[in-house]
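# Remarks on the overall topology
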Amino acid sequence: QSALTQPPSASGSPGQSVTISCTGTSNDIGGYDYVSWYQQHPGKAPKVIIFEVTKRPSGVPDRFSGSKSGNTASLTVSGLQAEDEAVYYCSSSAGTRLFGGGTKLTVL
Amino acid sequence: QVQLQESGPGLVKPSQILSLTCTVSGGSINRGGNYWSWIRQHPGKGLEWIGYIYYSGSTYYNPSLKSRVTISIDTSKNQFSLRLSSVTAADTAVYYCAKDGFGVPLDPWGQGTLVIVSS
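The paragraphs below set out a description of the structure included in this document. It should be emphasised that the depicted structure is a prediction, and the values quoted were computed from it without experimental measurement. (Residues numbered from 1 in each chain as written. Chains lettered and ligands numbered in written order. Predicted model: local features only at pLDDT ≥ 70, side-chain atom pairs only at ≥ 80, totals over all residues. Heavy atoms only, no water.)

Of regular secondary structure, chain B possesses zero helices and 10 strands. Across chain B, helices and strands are ordered from the amino to the carboxyl terminus as β-β-β-β-β-β-β-β-β-β. In chain B, which comprises 119 residues, the proportion classed as buried is 45%. In chain B, the proportion of contacts linking residues at least 24 apart, taken out of those at least 6 apart, comes to 52%. Treating the 9 positive side-chain charges of chain B as one cloud and the 6 negative ones as another, the clouds have centres 5 Å apart. (Helix = DSSP H or I, 4+ residues; strand = E, 2+ residues; numbered from the N terminus. Buried < 20%, exposed > 50% of the residue type's maximum accessible area, 1.4 Å probe, protein only. Contact = heavy atoms within 4.5 Å. Lys, Arg positive; Asp, Glu negative; His and termini not counted. Charge placed at Lys NZ, Arg CZ, Asp CG, Glu CD.)

This part is about the nonpolar core. Ranked by size, the top nonpolar core spans 24 residues in total, and within it Leu18, Trp38, Val69, Ile71, Phe80, Leu82 and Tyr95 of chain B carry the most contacts. Of all the elements in the fold, those that place two or more residues in this core are β3 (18-25), β4 (35-41), β5 (47-54), β7 (69-74), β8 (79-84), β9 (93-100) and β10 (113-117) of chain B. At four residues, β3 of chain B tops the list of elements feeding residues into this core. The contact partners of Leu18 of chain B, leaving out residues within four places of it in the chain, are Val12, Leu82, Arg83, Leu84, Val87, Tyr95 and Val115 of chain B. By size, the runner-up hydrophobic cluster in this structure holds 23 residues, among which are Val35, Ile50, Ala73 and Ala86 of chain A. (Core = buried A, V, L, I, M, F, W, Y, C linked by side-chain atoms within 4.5 Å.)

Residues and elements named next belong to chain A. With respect to the helices and strands, the residue Gln39 is situated in strand β3 (residues 35-40). A relative accessible area of 8% places Gln39 in the buried class. Apart from the residues lying within four places of it in its own chain, the contact partners of Gln39 are Ala45, Pro46, Lys47, Ile49, Phe64, Glu83, Asp84, Ala86, Val87 and Tyr88.

What follows covers the state of the cysteines. Residues and elements named next belong to chain B. In the structure shown here, the tally under the stated rule is two disulfides over all chains. Across the disulfide, Cys22 is cross-linked to Cys97 (sulfur-sulfur distance 2.1 Å). Between Cys22 and Cys97, the S-S dihedral sits near 65°, and the bridge is therefore right-handed. You can see Cys22 sitting in strand β3 and its partner Cys97 sitting in strand β9, a full 75 residues away along the chain. For Cys22, a relative accessible area of 0% gives the class buried. (Disulfide = S-S within 2.5 Å.)

Residues and elements named next belong to chain B. Enumeration according to the criterion identifies 14 aromatic pairs over all chains in this entry. Arranged with centres 5.5 Å apart and planes meeting at 85°, the rings of Tyr96 and Trp109 form a pair that is edge-to-face. Here Trp109 lies in the loop between β9 and β10 and Tyr96 lies in strand β9, a separation of 13 residues in the sequence. The pair formed by Tyr96 and Trp109 is uniform in burial state, with each residue classed as buried. One aromatic cluster in this structure is built from Tyr35, Trp49, Tyr52, Tyr54, Tyr55 and Tyr60. (Phe/Tyr/Trp six-rings, centres within 6.5 Å; stacked < 30°, edge-to-face > 60°.)

At the junction of the two partners, chain B supplies 21 residues and chain A supplies 18 residues. For the pair chain B and chain A, the two sides together bury roughly 1,500 Å², of which 63% comes from carbon and sulfur. Counting across the interface, chain B meets chain A through one salt bridge. Linking Arg97 of chain A and Asp100 of chain B is a salt bridge whose minimum nitrogen-to-oxygen distance equals 2.6 Å. Seen at the junction of chain B and chain A, the total is 10 residue pairs in polar contact (both at pLDDT 80 or more). The set of elements that each furnish at least two residues to the side of chain B that touches chain A consists of β4, β5 and β9 of chain B. At four residues, the largest contribution of residues to the side of chain B that touches chain A is made by β5 of chain B. (Buried area = accessible area lost by both parts, 1.4 Å probe. Salt bridge = Lys/Arg side-chain N within 4 Å of Asp/Glu carboxyl O. Polar contact = N/O pair within 3.5 Å; in protein donor to acceptor, adjacent residues only side chain to side chain.)

The next thing to look at is the pattern of salt bridges. All names here are of chain B. Summed over the entire model, instances satisfying the criterion amount to seven salt bridges over all chains. A salt bridge links Arg68 to Asp91; its shortest N-O distance comes to 2.9 Å. Taken together, the residues Arg68 in the loop between β6 (59-61) and β7 and Asp91 in the loop between β8 and β9 connect sequence positions 23 residues apart. Asp91 sits in the buried class, given a relative accessible area of 1%.

This is the structure:
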């Protein structure tokens, strides 16, 4: 069982928006703005797409956005594209690093 | 830019020690503020953080693995290493190294290396 809770799957059609949730506690997500999101394609290493809840690294499309409310962080992918099909992991990094169990995003 | 590369045996026998090294290039491992982490991913499963080491040598481990894990650093070689003792088949996984830090994301990552525990 992962420390952070994510839905195992999500899906959407090209052009649509999808939101993935990540629930923790007041000791991790709720207590700090140190939430990051990672995208992992099959056979590849994870790649950071969101950090500090809402920030995007250089080169990450602005279709990816992050937010947080209380103990739950969210990743929204807008204008879904085929290449967005991947597994997405959330993580909290306040002392101990925690991961969510991952959400497989399917583009229908 | 900083790049990381894992190396080590791809096959380890049960009860033995798993040893991996991560070589950092394009930047100094001996820089304040940077932590260096090991993460693993069991086949078809999610990510599990193993632990990290600071350039000064201080470490912090996942409590679930703490009794079997040692992470060390060699600043002269710009490398840090993982030792996992008393391995079983449950330790079969892809092992990644990554640059870490308090409040910062894991970035970049190494490409990962598959370690199989089998006799």
